[in-house]
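Chain by chain, the residues run as shown.
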Amino acid sequence: MTKTVSPYPTLAELHAAAADAFCQTVTDAVRLNGVCRVSLSGGSTPRRLYEILASRDLPWDAIHWFWGDERNVPPDHPDSNRRMVRQALLDHVPVPNENVHPVPVDIDNPAAAAIRYDTTIRNAFGGAGEPRWDLVLLGMGDDAHTASLFPGTEAIRRTDRLFVENWVEKFDAFRYTLTAPAINSGREIWFLVSGESKRPAVADVLGPRHDPDTFPSQLVSPTRWFVTADAAP
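All figures in this text were calculated on a predicted structure; none of them were measured in a lab.

## Some details on the environment of Ser 80
Its place among the elements puts Ser 80 in the loop between β3 (69-71) and α3 (81-88). Given a relative accessible area of 2%, Ser 80 falls into the buried group. For the pair Ser 80 and Val 38, spaced 42 residues apart in sequence, the C-alpha to C-alpha distance is 18 Å. Dropping the residues within four chain positions of it, Ser 80 is found in contact with Glu 70, Val 73, Pro 74 and Pro 75.

Structural data, given as structure tokens:
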């Protein structure tokens, strides 16, 4: 894990820098391989990034969009990450439908839905081995969770799958999430973190105590941190 964090003075500066870096990453990936595969994050900080990207000139037909985690709710539910990304970005740009790969939520059978999405991801990368995302976008909760890898949950220890359902006791609900090995396969892996409430979590994740069961974001080896000054330790 890179522990080099150079905070941005304001959230607007963080978003501007992340948008520029996103566009460069896409340009480089498409130039080299003809395609860019992105794993998306939920949350308020990434949402503003998506809104900014909607005004950028990108090779939309060459970008494939996946979700790093999802809530076990219908796609039109206010808590749906799929809904958020569509409202902020995908409904405003010419993205082919076949390039959008949402989690096939099954409220009554999340285990089956997670298996289907695991298969979707594997097929998108040729069906063998781990995926190799061009970019994985991540947020961080004030409990140091990332994606839907929450403290003390079973998914933290899963290495046999790319994508799993995860029972989260604090919400009394299932979530869906990439596993740590799937996240860490990214060429670029970015944390986007803002707000004073996140400062203790960032400090714990970057600190000397290695305890991923308590601080799940320690499972991730990010290539870059986008952190506002009020969230930096």
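## Here's the deal with the state of the cysteines
This model, assessed by the stated rule, comprises 0 disulfides. Take Cys 23: it sits in no disulfide, and the sulfur closest to it among the cysteines is that of Cys 36, at 10 Å. Overall, Cys 36 belongs to the buried group, its relative accessible area being 0%.

## A few points about the sheet that holds strand β4 (residues 100-101)
Strand order in the open sheet made by the 6 strands is β4-β2-β1-β5-β8-β9, with parallel pairing throughout. Each having just a single partner strand, β4 and β9 (224-227) make up the two edges of the open sheet. Strand direction decides the pairing type here: strand β1 (residues 36-40) and strand β2 (residues 63-67), joined by 5 bridges, are parallel. Within β2, the residue paired with Leu 40 across the bridge is Trp 67. On the sheet, helix α2 (residues 44-53) packs against β1, β5 (135-138) and β8 (189-193) and is oriented at approximately 110° with respect to β8.

## Brief notes about helix α1 (residues 11-33)
The terminal C-alpha atoms of α1 lie 32 Å apart, and with 23 residues this matches the ideal 33 Å at 1.5 Å per residue to within 8%. Along α1, the positions that sit buried rather than exposed are Leu 14, His 15, Ala 17, Ala 18, Ala 19, Ala 21, Phe 22, Cys 23, Thr 25, Val 26 and Ala 29. On its buried face, α1 sits against β1, α2, β2, β5, β8 and β9. Directly after α1, the chain includes Gly 34, whose backbone phi takes a positive value near 80°.

## Quick look at the pairing of strand β6 (residues 163-168)
Taken together, the 6 bridges between β6 and strand β7 (residues 173-178) define a ladder with antiparallel strand orientation. Each bridged residue has a counterpart across the sheet, and for Glu 165 the counterpart in β7 is Tyr 176. Remark: 4 residues form the turn of the hairpin made by β6 and β7, two consecutive strands paired antiparallel; Asp 172 in that turn has positive phi of roughly 55°.

## Some remarks on the packing of aromatic side chains
Inspection of every chain in the model, using the stated rule, returns 12 aromatic pairs. Judged by centre distance (6.1 Å) and plane angle (10°), the ring pair of Phe 22 and Trp 65 falls under stacked. Of this pair, Phe 22 sits in helix α1 while Trp 65 sits in strand β2, and the two are 43 residues apart along the sequence. A ring pair is formed by Phe 66 and Trp 133, whose centres lie 5.1 Å apart and whose planes are at 70°; its orientation type is edge-to-face. With a gap of 67 residues between them, Phe 66 in strand β2 and Trp 133 in the loop between α4 (110-124) and β5 connect regions that are remote in the sequence. For the pair Phe 66 and Trp 133, one class covers both residues: buried. An aromatic cluster is defined as three or more aromatic residues linked by ring pairs; in this entry it consists of Tyr 8, Trp 190 and Phe 226. Above the ring of Phe 125, the side-chain terminus of Arg 37 is found at 4.7 Å from the ring centroid.

Conventions used here
Residues numbered from 1 in each chain as written. Predicted model: local features only at pLDDT ≥ 70, side-chain atom pairs only at ≥ 80, totals over all residues. Heavy atoms only, no water. Helix = DSSP H or I, 4+ residues; strand = E, 2+ residues; numbered from the N terminus. Buried < 20%, exposed > 50% of the residue type's maximum accessible area, 1.4 Å probe, protein only. Contact = heavy atoms within 4.5 Å. Disulfide = S-S within 2.5 Å. Pairing = 2+ DSSP bridges. Axes fitted to C-alpha atoms, helices over the stretch in contact; angles between N-to-C directions. Expected span 1.5 Å × (residues − 1). Phe/Tyr/Trp six-rings, centres within 6.5 Å; stacked < 30°, edge-to-face > 60°. Lys NZ or Arg CZ within 6 Å of the ring centre and 35° of its normal.

These figures come from the coordinates and say nothing about function on their own.
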